Amino acid sequence: MESVSPRAINQMHKEVDSQKTSVDVVIVGAGFAGLLMLYQTRALGLSARVYERGSDVGGTWFWNRYPGARCDTESLEYSYQFSTELFREWKWSERFATQAELLRYAQHVARKFDLYKNIHLNSAVEKSHYDEKTRKWFTTTSRGESLASDFLILATGCLSTAHLPEIPGMERFRGRVYHTGNWPKEGVDFSDQVVGIVGTGSSAVQVIPTIAPQLRHLYVFQRTANYVVPAWNGKIPNDYEAAVMADPISFRHNNAKMIRAHGFRNRGKDTSALSVSREEVERDLERRWNIGGLNFLDGFNDLLTSSEANKIAAEFVKSKIRKIVKNPAVSELLCPRHPIGCKRVSVGDGYYESFNSGNVTLVDISQSGIHRLGEESIETDRTSYRCDSLIFATGFDAMTGPILSIQITGRNGLTLREKWSEGPRNYLGLSVCGFPNLFIMTGPGSPSVLTNMHVSIDQHAAWISRCIQSMKLRQLSEIEATEESEARWIDTVTEIASNTIFPSCNSWYLGANIPNKPRMFMPYIGFPSYERKCREIEENDYLGFKLA
Ligand code: NAP
């Protein structure tokens, strides 16, 4: 018998899939969330199709290819845990994985579980509308494909709509302009160039020490100084890896007990930093500084809730900056003025050290911003800096940007953009009143960006698939949040945040980085209580939802 290659089988599957006019589930996005959602829905015997705007899977790790890009959550934690076989077979080469390794991992998962056959690449979803008569979503893509589905699941990511600020003269600049969130696939050779980088958030913190050694000069345009803790990246110790691999289930279970769903092994005390001596708090911060990574603020239970306790940690980092950066005027400029943690703390090696190098200049634009771009310069109110290329590490229209870039229309012709004109109102972050059978993965209103994304993705994929399964078994055709549950949920999310230092500065968590974006603290703080609430709601026959 003639053998058929796996590639040909895949192609055949794809052709059959393409001929469908209706499926159970349409999933938007083939990042880590979309891939798991596809896997879960198929495991239930449902038909599903994923539309992905990129030319491959990977989401964040497909687009963010800038020099030095790597994850700030440890590799063993930032990986899928739904399959112990997958968990054990993939060997991470470093404690914090690079973008390239994370992308290879996403591709490996898509191949291993034969996911590519239901993924349409290079297909950006442009519109989706709910038809109340047929109770179906109708989705169309940039390639003119259209498909009906019972459910629409947005797995569009939280940091996937790059924000390029409007600066006068942008069109005049003759050099190359890059955004970290949209980096060219082929890479960029900056050798011997003079480069200007705008922004000092997590992306810039990784770019700066990586490219500075190859440049003639680097100008860093800083509007707000940033807290950066070291990663001390390196190989994963063999004994630690072996212990995790011996019992992945407990590893996962323990991490999910943490407020941010990671770092159980570096968990702190459930006591206030103000209940012990300042020396004891500083000793713990020193220990955590030497461990590296995002658990720096986990030592005591009030470093993110009490401004007095927070100040101790903030001062600790500033004392480190003053020790590392030799020029006192530069180190003062690098010392942040806001509470530590209200904007995301960055993790990276060698950031502050870069400013000791003769070819790196910090330009303070905190008072008057960037005035304009010239043909070969970037200009502040006082000085013109000649640059060959510019890098914008200016962040994203976070959490809502990717969702609202699609024209989503629910009941009575209401668009999601209209519904969310004053902020992303929803229930559990999962469901929106007026938009039946639409689910959002790791969106605003859920713990999402304040957690290890893999844990949140896993929880959402499991919850949504159980919900769909239950509806199919009970022959129900609609599920939708009620207006009351939505209002209560938004109050809950806001109230939890108001007891912390999070809303105290202009962060992207609040939408404050995007001109005219409505201000609303978007993530729900506290993975364990969120997970518990979702479980209780499910056990109480989807309390707060209308079922039909
Ligand atoms: P970001 O944190 O939003 O930082 C953007 C930077 O650009 C800020 O310094 C901001 O200053 C500045 N900026 C924005 N608009 C500006 C303007 N018009 N003029 C001058 N400066 C301007 O963006 P990001 O660094 O891309 O990081 C976003 C998030 O992605 C992170 O918080 C993190 O969650 C994630 N991320 C993670 C990793 C990792 O895992 N290692 C790496 C990169 C990113 P202001 O502070 O004054 O607004």
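Up top you'll find the structure we're talking about.
Residues numbered from 1 in each chain as written. Predicted model: local features only at pLDDT ≥ 70, side-chain atom pairs only at ≥ 80, totals over all residues. Heavy atoms only, no water.

Draft legend 1. Geometry of the sheet that holds strand β16 (residues 389–392). With parallel pairing, 5 strands are arranged side by side in an open sheet as β7-β16-β8-β9-β12. Two strands bound the open sheet, and with one partner strand each, they are β7 (176–179) and β12 (360–364). Looking at each pair of strands side by side, their axes are set apart by 20 degrees on average, direction ignored. Bridge analysis of strand β8 (residues 194–198) against strand β9 (residues 217–222) gives 5 bridges, and the strand direction is parallel. Each bridged residue has a counterpart across the sheet, and for Gly196 the counterpart in β9 is Tyr219. Against the sheet, helix α6 (residues 202–211) contacts β8, β9 and β16, and its axis sits at roughly 165 degrees relative to β8. (Pairing = 2+ DSSP bridges. Helix = DSSP H or I, 4+ residues; strand = E, 2+ residues; numbered from the N terminus. Axes fitted to C-alpha atoms, helices over the stretch in contact; angles between N-to-C directions. Contact = heavy atoms within 4.5 Å.)

Draft legend 2. Main features of the side chain of Ser160. Position of Ser160 relative to the elements: it lies in the loop between β6 (146–154) and β7. At 2.7 Å, the side chain of Ser160 and the backbone oxygen of Thr156 are in polar contact. Here Ser160 is in contact with Arg53, Phe396 and Pro402, once residues within four sequence places are set aside. (Polar contact = N/O pair within 3.5 Å; in protein donor to acceptor, adjacent residues only side chain to side chain.)

Draft legend 3. Examining the site of the ligand more closely. Around the ligand, a shell composed of 23 residues is seen, among which Arg70, Ser203, Thr224, Lys343 and Arg344 lie nearest. Within the backbone of Ser202, an N or O atom sits 3.0 Å from an oxygen atom of the ligand. Within the side chain of Trp508, one N or O atom sits 3.1 Å away from an oxygen atom of the ligand. Here the ligand loses 87% of its free accessible area of 910 Å² to cover by the protein chains. The leading source of residues in the shell around the ligand is α6, at 3 residues. (Near = heavy atom within 4 Å. Areas by Shrake-Rupley, 256 points an atom, 1.4 Å probe, with all protein chains shown as cover.)

Draft legend 4. Representation of the state of the cysteines. According to the stated counting rule, one finds 1 disulfide in the structure shown. A disulfide-free cysteine, Cys335 has its sulfur positioned 15 Å from the sulfur of Cys342, the nearest such atom. Judged by its relative accessible area of 2%, Cys335 falls in the buried class. For the unlinked cysteine Cys433, the closest cysteine sulfur is that of Cys467, found at 16 Å. The exposure class assigned to Cys433 is buried, which follows from its relative accessible area of 9%. (Disulfide = S-S within 2.5 Å. Buried < 20%, exposed > 50% of the residue type's maximum accessible area, 1.4 Å probe, protein only.)

Draft legend 5. Structural context of the packing of aromatic side chains. One pass over the structure, following the stated rule, counts 39 aromatic pairs. Relative to Tyr509, the ring of Trp508 lies with its centre 4.6 Å away and its plane at 55 degrees, an arrangement referred to as tilted. Ring centres of Tyr524 and Tyr530 lie 5.5 Å apart, and the angle between their planes is 55 degrees; this geometry places the pair in the tilted category. A connected cluster of aromatic rings, assembled from ring pairs, spans Phe32, Tyr39, Trp61, Tyr78, Tyr80, Phe82, Trp90, Trp92, Tyr105 and Phe113. A cation over an aromatic ring shows up here: Lys112 above the ring of Phe113, its NZ or CZ 5.8 Å from the ring centre. The ring of Tyr240 has Arg265 sitting right over it, with the charged end atom 3.9 Å from the ring centre. (Phe/Tyr/Trp six-rings, centres within 6.5 Å; stacked < 30°, edge-to-face > 60°. Lys NZ or Arg CZ within 6 Å of the ring centre and 35° of its normal.)

Draft legend 6. Local environment of the nonpolar core. Ranked by size, the top nonpolar core spans 131 residues in total, and within it Leu218, Leu428 and Trp463 carry the most contacts. Beyond its immediate chain neighbours, meaning those up to four positions away, Trp463 contacts Leu428, Leu430, Phe439, Cys534, Glu538, Tyr542 and Phe545. Formed by 20 residues, the second largest nonpolar core is a distinct cluster that contains Val23, Tyr51, Ile406 and Trp420. (Core = buried A, V, L, I, M, F, W, Y, C linked by side-chain atoms within 4.5 Å.)

Draft legend 7. Broad picture of the packing of helix α2 (residues 32–43) against helix α15 (residues 453–473). Across the interface, α2 lies against α15 with an axial gap of 9 Å and an inter-helix angle of 30 degrees. The chirality of how α2 crosses α15 is right-handed. Along its contact with α2, which presents Phe32, Ala33, Leu36, Met37 and Gln40, the element α15 presents His454, Ile457, Asp458, Ala461, Ala462, Ile464 and Ser465. Of the residues belonging to the contact of α2 with α15, the class tally is 8 nonpolar, 3 polar and 1 charged. (Left-handed = near helix turned anticlockwise from the far one by under 90°. Nonpolar A, V, L, I, M, F, W, Y, C, P; charged D, E, K, R; others polar.)

Draft legend 8. Broad picture of the sheet that holds strand β15 (residues 384–386). In space, the 3 strands of this open sheet follow the order β13-β14-β15, with antiparallel pairing throughout. The open sheet is flanked by β13 (372–373) and β15, the only strands paired with a single partner.

Draft legend 9. Spotlight on the pairing of strand β5 (residues 136–141). The side-chain alternation of β5 yields one buried face, formed by Trp137, Thr139 and Thr141, and one unburied face, formed by Lys136, Phe138 and Thr140. Pairing analysis gives 6 bridges linking strand β4 (residues 125–131) to β5, with the strands arranged antiparallel. Note on β5: the bridge partner recorded for Asp131 is Lys136. Hairpin connection, β4 to β5: the antiparallel pair is bridged by 4 residues, and Arg135 has positive phi, about 55 degrees. Two strands pair when backbone bridges link them, and β5 and β6 are joined in this way by 4 bridges, in the antiparallel orientation. Across the sheet, residue Phe138 finds its bridge partner in β6, namely Ala148. Linking two consecutive strands that pair antiparallel, namely β5 and β6, is a turn of 4 residues; a positive phi of about 80 degrees is found at Gly144 within it.

Draft legend 10. Summary view of the side chain of Asp56. Among the structural elements, Asp56 can be located in the loop between β2 (48–51) and α3 (60–63). Looking at Asp56, its side chain comes within polar contact range of the side chain of Gln107, at 2.8 Å. In this structure the side chain of Asp56 is engaged in a polar contact, spanning 2.8 Å, whose partner is the side chain of Tyr116. If we skip the residues at most four places from it in the chain, Asp56 touches Phe62, Gln107, Tyr116 and Leu121.

Draft legend 11. Quick peek at the pattern of salt bridges. For the coordinates displayed, the defined rule picks out 33 salt bridges. Of the charged contacts in the structure, one is a salt bridge between Arg216 and Asp192, with a shortest N-O distance of 3.8 Å. Separated by 24 residues along the polypeptide, Arg216 in the loop between α6 and β9 and Asp192 in the loop between β7 and β8 bring together distant segments of the chain. For Asp192, a relative accessible area of 51% translates into the label exposed. Of the charged contacts, one joins Glu286 and Lys320 as a salt bridge, the two residues approaching to 3.1 Å between their closest N and O atoms. One end of the pair, Glu286, is in helix α9 (residues 278–291); the other, Lys320, is in helix α10 (residues 307–324), with 34 residues separating them in the sequence. The exposure class of Lys320 is buried, given its relative accessible area of 12%. When salt bridges with common partners are traced through the structure, they connect Glu132, Arg135, Arg411, Glu478, Glu480 and Lys546 into a single cluster. (Salt bridge = Lys/Arg side-chain N within 4 Å of Asp/Glu carboxyl O.)

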